[in-house]
Amino acid sequence: MGLPSLTSACGSLGCSSSSMSTVQLGFHCTSRGAFWVPRERRNSRRGFRVACSSASPTDPLLVRAARGDPVSRPPAWMMRQAGRYMAVYRKLAEKHPSFRERSETTDLIVEISLQPWEAFHPDGVIIFSDILTPLPAIGVPFDIEEIRGPVIGSPIRSEEALKSLHPIDLGKLHFVGDSLRILRQEVEGRAALLGFVGAPWTIATYVVEGGMTRTYTVIKSMCHTAPHVLRALLSHIAQAIAEYVVFQVESGAHCIQIFDSWGGQLPPDMWEHWSKPYIQQIVDVVRKKCPATPLVLYINGNGGLLERMRETGVDVIGLDWTVDMADGRKRLGSGVGVQGNVDPAYLFSPLPALTEEIQRVVKCAGPKGHILNLGHGVLVGTPEEAVAHFFGVARSLTYDSFLEDCAAEKATLVA
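About the thresholds
- Residues numbered from 1 in each chain as written.
- Predicted model: local features only at pLDDT ≥ 70, side-chain atom pairs only at ≥ 80, totals over all residues.
- Heavy atoms only, no water.
- Helix = DSSP H or I, 4+ residues; strand = E, 2+ residues; numbered from the N terminus.
- Expected span 1.5 Å × (residues − 1).
- Buried < 20%, exposed > 50% of the residue type's maximum accessible area, 1.4 Å probe, protein only.
- Phe/Tyr/Trp six-rings, centres within 6.5 Å; stacked < 30°, edge-to-face > 60°.
- Arc of directions from axis to C-beta.
- Contact = heavy atoms within 4.5 Å.
- Polar contact = N/O pair within 3.5 Å; in protein donor to acceptor, adjacent residues only side chain to side chain.
- Pairing = 2+ DSSP bridges.
- Axes fitted to C-alpha atoms, helices over the stretch in contact; angles between N-to-C directions.
- Core = buried A, V, L, I, M, F, W, Y, C linked by side-chain atoms within 4.5 Å.
- Salt bridge = Lys/Arg side-chain N within 4 Å of Asp/Glu carboxyl O.

Visitor: Sorry if this is basic, but what is going on with helix H7 (residues 174-187) here?
Guide: In an α-helix there are 3.6 residues to a turn, and that puts residues three or four apart on one side. Look at H7: 20 Å from first C-alpha to last across 14 residues, which is about the 20 Å you get at 1.5 Å a residue. Most of H7 is tucked away: 12 of the 14 residues are buried. The complete set of buried residues in H7 reads Phe175, Val176, Gly177, Asp178, Ser179, Leu180, Arg181, Ile182, Leu183, Arg184, Glu186 and Val187. Just downstream of H7 lies Gly189, where phi reads positive at about 80°.

So this is what it looks like as structure tokens:
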């Protein structure tokens, strides 16, 4: 079966020098050696530190694309690209069954973070961690139970409970800094290193509800019954997360993604009031201290929030798979980048179908300010062959081919 043309894959965009229309696919995937460094050698690298630096033309492809700089192709990575779909991860998890051990032990963090890098060579390597990891450092202990997931024994729902909070103690997160420093040296010059944090609203849902919830009734009711308590909690979390972002950047992260995973559970007007200001609080701090660090904002179920997300001041908006890429681009305008947004279920489809969808998404996103990703995290059970194919297709794309083929098609139509 031949590979289809992209000339009609995203017809709403038309064909011009500023929008893509087709792609040349030749799988020029080269085999690369492993870049694994024994743990004893890594220990000597923990003194590595970077300062928040200015933008450079030698920055990784993903960083340049996030800034909107000209690039030759869209960089690609996947949310949850390290995890249970990989056999090597499952084998490691058998030896280390505690998630908190895996996500709070430097050597394990580094090993897990590098597993997809060694297997697939994405353009971004994201640290293996969790959005709740910084909670103990601000006075909120938690456990992770096998069935219930995260459990917070003393939820914060009153002024009295707020007294347990304290400024973030970054010393308690040394394993995050150590891991980022090692990972930065492991992938330096070959990929961008990504850190991440949870947005204040999303973190607060766990702190208030005491763990996972399907209804968010307790925290939503607090918006009306104890708004002063909720505002104080969100502001405290925002300040702590802002410092945590700067800590990650100074430890080596090139780029930071903010996950407002449960922001989509709010009506747009409530998100405007209870989530957006606290994301802006983070962005303002980071802009002052690390102005060249790109920030990405992702919300699951963000179709009704795109314009509001843009107003937070981040560099890139992550689109989930329910948003049409062409429509998302049109709504967001040219002043902000986009990330995404292949449906993770396509990785279970025949590989030619996956190829077509990648082509369509890239064409609709256009040749500037696009990071290729899924519209959600990699699903458990995803075939590793499909993940390898995704990144192989991504590496074979060239914007020059899009524009050349677009010009040729336009000349044919005129003739």
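The rest of the description comes next.
Visitor: Would you mind going over the packing of aromatic side chains with me for this structure?
Guide: Given two aromatic rings, one states the distance between the centres and the angle between the planes to describe the pair. As enumerated under the stated definition, the model contains eight aromatic pairs in all. An angle of 25° between the planes, with centres 6.3 Å apart, marks the rings of Phe120 and Phe391 as stacked. Here Phe120, found in helix H5 (residues 106-120), pairs with Phe391, found in helix H16 (residues 384-396); they are 271 residues apart in sequence, far enough to count as distant. We classify Phe391 as buried; its relative accessible area is 3%. Measuring from ring centre to ring centre gives 5.6 Å for Phe196 and Phe259, while their planes differ by 85°; the resulting arrangement is edge-to-face. Of the two residues, Phe196 sits in strand S4 (residues 192-198) while Phe259 sits in strand S5 (residues 255-259), which places them 63 residues apart along the sequence. Taken as a pair, Phe196 and Phe259 share a single burial class, namely buried. One aromatic cluster is present, built from ring pairs that chain together Tyr89, Phe99 and Phe128.

Visitor: Sorry if this is basic, but what is going on with helix H14 (residues 325-332) here?
Guide: Of the positions making up H14, those classed as buried are Met325, Ala326, Gly328, Arg329 and Leu332. In an axial view of H14, the angular spread of the buried residues amounts to 160°, which keeps them on one side of the axis. Residues of H14 that are buried in the fold lie against helix H13 (306-310), strand S7 (316-318), strand S8 (337-342), helix H15 (351-365) and strand S9 (370-374). Near the N-terminus of H14, the side chain that reaches the backbone nitrogen of Ala326, with its oxygen 3.1 Å away, is that of Asp324. Remark: Gly333 follows H14 within two positions and exhibits a positive phi of approximately 80°.

Visitor: Explanation requested: the sheet that holds S7 in the structure shown.
Guide: Whenever strands of a sheet pair, they do so through backbone hydrogen bonds, lying parallel or antiparallel. A sheet is described by the order of its strands in space; here seven strands give the open sequence S1-S4-S5-S6-S7-S8-S9, paired in parallel fashion. Since the sheet does not close on itself, it has two edges, and those belong to strand S1 (124-126) and S9, each with one partner. For this sheet, the mean inter-axis angle between neighbouring strands, taken without regard to orientation, is 25°. Strand direction decides the pairing type here: S4 and S5, joined by five bridges, are parallel. Note on S5: the bridge partner recorded for Gly195 is Ile256. Helix H10 (residues 227-250) contacts S4 and S5 of the sheet and is inclined by roughly 165° relative to S4. Packing of H15 onto the sheet brings it into contact with S8 and S9, and relative to S8 it is tilted by some 160°.

Visitor: Got a minute to help me understand the nonpolar core in this structure?
Guide: Soluble globular proteins tend to pack their nonpolar side chains together in the buried interior. Among the nonpolar cores identified, the biggest contains 134 residues, and Leu135, Leu230, Leu233, Ile358, Leu372 and Phe390 are the most heavily contacted of them. With 14 residues, H10 is the single largest residue contributor to this core. If sequence neighbours within four positions are ignored, Leu233 has contacts with Ile156, Leu162, Leu165, Ala204, Val207 and Val208.

Visitor: What should I look at first to understand the pairing of S5 in this one?
Guide: On any regular strand, side chains alternate: one points to one face of the sheet, the next to the other face. Where burial is concerned, most of S5 is hidden: five out of the five residues are buried. Side-chain alternation along S5 places Cys255, Gln257 and Phe259 on one buried face and Ile256 and Ile258 on a second face that is also buried. As paired strands, S5 and strand S6 (residues 295-298) are joined by four bridges and run parallel to one another. Paired with Phe259 across the two strands is Tyr298, which belongs to S6.

Visitor: Explanation requested: the pattern of salt bridges in the structure shown.
Guide: Side-chain pairs of opposite charge can arise whenever the charged atoms involved come near each other. Here the structure, examined in full by the defined rule, presents 16 salt bridges. Taking the shortest distance from any N to any O, the salt bridge between Arg331 and Glu307 comes out at 2.8 Å. Here Arg331 is found in helix H14, whereas its partner Glu307 is found in helix H13, with 24 residues between them in sequence. By relative accessible area, Arg331 is classed as partly exposed at 25%. The residue Arg360 makes a salt bridge to Asp324 at a minimum N-O spacing of 3.7 Å. In this pair, Arg360 sits in helix H15 while Asp324 sits in the loop between S7 and H14, placing the two residues 36 residues apart along the sequence. For Arg360, a relative accessible area of 22% corresponds to the partly exposed category. Taking the relative accessible area as the measure of exposure, Asp324 reaches 39% and is therefore partly exposed. Sharing partners across several salt bridges, the network here consists of Glu272, Lys276, Arg308 and Glu311.

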